[in-house]
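Okay, here's what each chain looks like letter by letter:
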Amino acid sequence: MRQPDGSSALLTTKLDAMLAWARKNSLWPLPFGTACCAIEFMSTVSSHYDLARFGAEVVRFSPRQSDMMIVAGTITDKMAPVVKRIYDQMAEPKYVVSMGACACTGGFYRAYHVVQGVDEFIPVDVYVPGCPPTPEALIGGILKLQQLIQSGETQYDRLKA
Amino acid sequence: MTVSKPDTLAPNPLAKFLPGHEELSVTTATDGFTEITADRSRVIQVLRALRDRPELDCNLLLDVCGVDYPKNEHRFEVVYHLTSLEKGHRVRVRVPIDEDDPRVPTACGIWKAADWFEREAWDLMGIRFDGHPNLRRILTHEAFQGHALRKDYDPEKRWVLTEAETFVPDWVTEPDDEGEFETQIINIGPSHPATHGTLRIVVRLDGEVITKAECEIGYLHRCFEKMSETHGWGEVIPYTDRLNYCSSMINGVGYALAVEHMLGIEAPPRAQVVRVILSEFSRIMDHAVCLGAALVDVGALTNFWYFFQPREEIYTLLESCAGGRLTVSYARIGGLAQEVPADFEEQVRYLLGYIPKFVNDVDKLVTTNRIFRGRTEGVGALSAEEALAWGWTGPCLRACGVPYDLRRARPYLGYENYEFDVPVASTGDSYARYLVRLEEIRQSLRIIEQAINHLPDGPVITDNHHVALPPKSKVYTEMEALIWHFKLIYEGIKVPAGSAYLATEGANGELGYYLISDGGGKPYRIKVRPPCFAIFQAYPHMLEGHLVADAIAILSSLNIIAGELDR
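### Some thoughts on the overall build of chain B
A count of helices and strands for chain B gives 19 helices and 15 strands. For 567 residues, the compact-globule estimate of 2.2 N^0.38 gives 24 Å, and the C-alpha radius of gyration of chain B, at 24 Å, lies within 12% of that figure. Here the C-alpha coordinates of chain B stretch approximately 85 × 60 × 50 Å along the principal axes. Within chain B, the proportion of its 567 residues that are buried is 53%.

### Considering the overall build of chain A
Tallying secondary structure elements over chain A gives 6 helices and 4 strands in all. For chain A, the sequential pattern of α-helices and β-strands runs α-β-α-β-α-β-α-β-α-α. Judged by the C-alpha coordinates and their principal axes, chain A covers about 70 × 40 × 25 Å. For chain A, the residues scored as buried account for 46% of the 161 residues in total. In chain A, once contacts between residues fewer than 6 apart in sequence are set aside, the share between residues at least 24 apart is 78%.

### Remarks on the nonpolar core
In this structure, A:V71, A:V97, A:M99, B:V259, B:I277 and B:I560 are the most contacted members of the largest nonpolar core, which totals 229 residues. Of all the elements, helix α6 (residues 269–297) of chain B adds the most residues to this core, at 15 residues. If you count residues domain by domain, this core takes at least three from each of domain 1 (1–167) and domain 2 (224–555 + 558–566) of chain B. Residue contacts for B:V259: discarding those within four places in its chain leaves B:W233, B:I333, B:V495 and B:L515.

### A word on the environment of A:T44
Residue placement: A:T44 occurs in helix α2 (residues 36–45). The contacts of A:T44, once residues within four sequence positions are left out, are A:Y49, A:L51, A:P135, A:L138 and A:I139.

### Re the confidence of the model for chain A
Chain-level pLDDT for chain A is 88 on average; 97% of the residues reach the 70-or-more range. When mean pLDDT is taken per element in chain A, strand β4 (residues 126–128) of chain A scores highest with 94 and helix α6 (residues 155–160) of chain A scores lowest with 82.

### Here we look at the interface of chain B and chain A
Contacts between the two partners involve 39 residues from chain B, matched on the other side by 33 residues from chain A. Of all the secondary structure elements, the ones that give two or more residues to the side of chain B that touches chain A are α3 (224–229), α7 (302–322) and α19 (562–566) of chain B. In the side of chain B that touches chain A, the residues fall into 18 nonpolar, 12 polar and 9 charged.

### Some points on helix α8 (residues 344–366) of chain B
Residue and element names in this part refer to chain B. With 23 residues, α8 extends 33 Å from end C-alpha to end C-alpha; this agrees with the ideal 33 Å at 1.5 Å per step. Those residues of α8 that fall on the buried side of the exposure criterion are V348, L351, I355, F358, V359, V362 and V366. Buried residues belonging to α8 abut α6, α7, α9 (370–376) and α13 (430–453).

### Considerations on the domain arrangement of chain B
Residues and elements named next belong to chain B. Examined at the domain level, chain B breaks down into domain 1 (1–167) and domain 2 (224–555 + 558–566). Each of domain 1 and domain 2 has a C-alpha centre, and the two are 25 Å apart. Of the residues lining the interface, 25 residues belong to domain 1; the matching set on domain 2 comes to 31 residues. Residue contributions to the side of domain 1 that touches domain 2 peak at 6 residues, all from strand β3 (residues 60–68). Its residues assigned to classes, the side of domain 1 that touches domain 2 shows 16 nonpolar, 4 polar and 5 charged.

### A word on α7(B)
Given a rise of 1.5 Å per residue, 21 residues ought to cover 30 Å, and the 30 Å separating the end C-alpha atoms of α7(B) matches this to within 8%. Where α7(B) ends, the next residue or the one after it, B:G323, has phi of about 95°, a positive value.

### Observations regarding the sheet that holds strand β15 (residues 525–529) of chain B
Residues and elements named next belong to chain B. If you walk across this open sheet you meet the 3 strands as β13-β14-β15, and the pairing is antiparallel. A single partner strand is all that each edge strand has here, and the edge strands are β13 (498–506) and β15. Ignoring which end each strand starts from, the neighbouring axes of this sheet average 15° apart. In this sheet, β15 lies alongside strand β14 (residues 509–517) in antiparallel orientation, the contact comprising 5 bridges.

### Notes on the packing of α8(B) against α13(B)
Residues and elements named next belong to chain B. Here α8 crosses α13 at 160°, and the two axes come no closer than 11 Å. If you check the angle between α8 and α13, you find them roughly antiparallel. In this structure, the crossing between α8 and α13 has a hand that is left-handed. Residues E345, V348, R349, L352, I355, P356, V359 and D363 of α8 lie in contact with α13, whose contacting residues are L438, I441, R442, L445, I448, E449 and I452. In terms of residue class, the contact of α8 with α13 is built from 10 nonpolar, no polar and 5 charged.

Calculation notes
- Residues numbered from 1 in each chain as written.
- Chains lettered and ligands numbered in written order.
- Predicted model: local features only at pLDDT ≥ 70, side-chain atom pairs only at ≥ 80, totals over all residues.
- Helix = DSSP H or I, 4+ residues; strand = E, 2+ residues; numbered from the N terminus.
- Rg over C-alpha atoms; globule rule 2.2 N^0.38 Å.
- Buried ≥ 20, exposed ≤ 12 C-beta atoms within 10 Å, placed from the backbone.
- Contact = placed C-beta atoms within 7 Å.
- Core = buried A, V, L, I, M, F, W, Y, C linked by C-beta atoms within 7 Å.
- Domains from an automatic or database assignment.
- pLDDT = per-residue confidence, 0-100.
- Nonpolar A, V, L, I, M, F, W, Y, C, P; charged D, E, K, R; others polar.
- Expected span 1.5 Å × (residues − 1).
- Pairing = 2+ DSSP bridges.
- Axes fitted to C-alpha atoms, helices over the stretch in contact; angles between N-to-C directions.
- Parallel < 35°, antiparallel > 145°, perpendicular 65-115°, else oblique.
- Left-handed = near helix turned anticlockwise from the far one by under 90°.

This is the structure in structure tokens:
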């Protein structure tokens, strides 16, 4: 910080706050894309919407290298064990964005083979409504997650405390 | 679309070529199909004759499905849909069977395509196919109990699958002592970037060469057909959007056309032309996703951005028409949901000028690129006979040299009035599929240009109020319109009892809807004939002898869309 007389001064903060600031601005998404929402996720990371503006463009398909799982699409009972396994494999701290009506609640598939919301078996931080949500809505969800990370209110923070 | 009048009294011209036709019921159905009802002891004989007699020549098996009629004497019915590409006729074979012994002999020995269709009928309807090489569940999971499409199955009854129960092929544990070296088993997917999220392939590798492969699907089985039985005819349209979500407009239009056919109505001319324009734009988007993703999978990332930019512009058009970008739900039975925006023509003309640049850029970058050609030429090649035996249609079949395109072969929506070429390649490999899709984008632009030049004025939805809601202004002012509105909302569209199979050219091939109505406000049964399903079942057989890296190049060139594959 620059003082009025031109000399510099230190900025003090808590280590937790600094870590949270770093984490929220370098989220590495793991797109668990299964259906229509995955196509909108592709639009979100493409040139037009450019998720890089929010520091979350480094898409990784390995759970070991990512900290934000975006569940984009319908999760069926057949897929559920796979989602759980991949979530378990992610290194902590980890966050989950549930993208779209199906991942949030099963959507309009109230049916014999569809999980009625991924929060049946993994903790979810942000629910993004829409069928599918527009890229703007997904970006809005990621910004919301950034706020939660900064204020220490994510599911991960809660489970740790 | 012209509606053929029922003509069941005239003798069917194909009947005399069938073995023992005196004892078979052979009629001409209202949807133009030759309908044969056969006993199960005769079915293989009949099916074989249908394929082998040169006068019948049904070389393409479109679909096999089961139907449940709990109140009938014979509870189940197995329905085969066939067509002859040369002769153009279409045949439906119906086989009634009893509840206590739901078995029919398999048709796998006649058409390879029967394999997965029969497995699906077993999985969802519980019909056994005697002699089938691998009759296990296909769409639902391993711990699933019962058969979901039977009428007595509760649509919401779920079963939990644990990780320990997930499918592993038998041959994984078998010792393989054919080769000199030890082989290795690799599982690819379902969560793998190249499998687009929901496909799973288990392969056995000898070095880097695949010696055996098996696919597992159903990871996105979200019960479209059961859901459609619990909703009204009009409410099914949003579900159709989510079949092939890369080109949702085409699905909705295909469904609306099929229902309109059963109702004996036609959408107004303006709606038909708008449907053509938006369907062709959807085809362009679908091909753009396929090509963009396929090029990413072989390491050419730039093209992905080149293809996604024009997609965004098409989305803008769809959004201004329908309000949604991806899943538009714009088609309605009898027309369209609403009038197109005032600047529709301007937007379409802008896109016609905008898209070719990106297509040409990709063409210049990729088509003669040595690396790309090295990765795709001769990779995943299939002969025309093989492709037909597997039930392929669409760009993948045309890449094998068969010029079969429903827009040309059985025109609908006035496609006979447009000038366009059906691009065909000869080699049937991944490179040929790339070339065909790229050229189809250009042909679609040609169709759109002709359509926008002749966009008629007029309403976009039928004024038949048994089908379409009256305009709001009338609902608020006229008693009769209010009653129509009320009846239609409460009771839904009443489709006359009967059945029809109607197909349109989807982005991946023949997208057929087999609809059965009992005259009520809800569909009795809807069977979708998804083009991907037939295409993907050939995939494990295409892999043998290829490198594991080629498996990815082949998969992405087939453009398997899970929503449509698993429904």
